[in-house]
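Chain residues, written in single-letter form:
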Amino acid sequence: MSCNTCEREKRKIWPPCNTSPNFKVLIKGNWISLYECPDCKGLWVGVPYEPYASYMYFVQWEKSSKEWHNVYSLDDGEELQKWHKKQLQTFKMTLTKDDWASIENHRQRSYGRTPFDP
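Our subject in this report is the structure included herewith. Values in this document were obtained by computation on a predicted structure and should not be read as measured data. (Residues numbered from 1 in each chain as written. Predicted model: local features only at pLDDT ≥ 70, side-chain atom pairs only at ≥ 80, totals over all residues. Heavy atoms only, no water.)

So, the overall build of the protein chain
Per the secondary structure count, the protein chain includes three helices and five strands. Secondary structure elements in the protein chain, listed N-terminal to C-terminal, are β-β-β-β-β-α-α-α. Scaling as 2.2 N^0.38, a compact globule of 118 residues should have a C-alpha radius of gyration of about 13 Å, and the protein chain matches this with 14 Å. Its C-alpha atoms put the protein chain at 35 × 35 × 25 Å along the principal axes. Expressed as a percentage of the 118 residues in the protein chain, the buried residues total 42%. Put simply, the protein chain shows about 7,200 Å² of open surface, and 50% of that area lies on carbon and sulfur atoms. (Helix = DSSP H or I, 4+ residues; strand = E, 2+ residues; numbered from the N terminus. Rg over C-alpha atoms; globule rule 2.2 N^0.38 Å. Buried < 20%, exposed > 50% of the residue type's maximum accessible area, 1.4 Å probe, protein only. Areas by Shrake-Rupley, 256 points an atom, 1.4 Å probe, with all protein chains shown as cover.)

Focus on the pattern of salt bridges
As enumerated under the stated definition, the model contains six salt bridges in all. Between E7 and R11 there is a salt bridge, and its shortest N-O distance comes to 3.3 Å. With a shortest N-O distance of 2.9 Å, R107 and D117 are connected by a salt bridge. Highlighted residues: R107 in helix α3 (residues 97-109) and D117 in the segment after α3, separated in sequence by ten residues. Here the salt bridges share partners, and the residues they tie into one network are E7, R11 and D99. (Salt bridge = Lys/Arg side-chain N within 4 Å of Asp/Glu carboxyl O.)

Considerations on unusual backbone geometry
Along the chain, E50 connects to P51 via a cis peptide bond; the corresponding omega equals 10°. The backbone of D76 shows a phi angle near 60°, a positive value even though the residue is not glycine. Following the sequence through the fold, D76 ends up in the loop between α1 (65-75) and α2 (78-90). Here the phi dihedral of Y111 falls at roughly 55°; this positive angle occurs in a residue that is not glycine. Take Y111: it is sitting in the segment after α3.

A look at the packing of aromatic side chains
Following the criterion strictly, the structure yields eight aromatic pairs and no others. On the basis of an interplanar angle of 85° and a centroid distance of 5.3 Å, the ring pair of Y49 and Y57 is categorised as edge-to-face. Pair check on accessibility: Y49 and Y57 agree, each one buried. Taking 5.2 Å as the distance between ring centres and 10° as the angle between the ring planes, the aromatic pair formed by W68 and Y72 counts as stacked. Taken together, the residues W68 and Y72, both in helix α1 and four residues apart, mark about one turn of the helix. Judged by relative accessible area, W68 falls into the buried class, the value being 0%. Site record: aromatic cluster; members linked through ring pairs are F23, Y35, W44 and F58. (Phe/Tyr/Trp six-rings, centres within 6.5 Å; stacked < 30°, edge-to-face > 60°.)

Shown next as structure tokens:
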């Protein structure tokens, strides 16, 4: 059964949109953080993108918070940043039409700099 808040069973990605869940910050890192769904306690990794770090992209994290912290501690989150961007590329075909509209809005505000652009 899917969580009604984060849609964990249906979604791997939440782009910056009005309908993205209000996740709770568990571990704040350097331009990357671990979040928790307030209802199902599922974990999500969030990375903010410009302008003004105001466009947050979330990717589902299927391991524990301790594992996230261990990976983060190796290099201040650089490997997690690469993993996050790769996950966005891997699961981009699962995004909805509304999700893509939100990404297009971000693209226009950032002059073509989203995690989906080269």
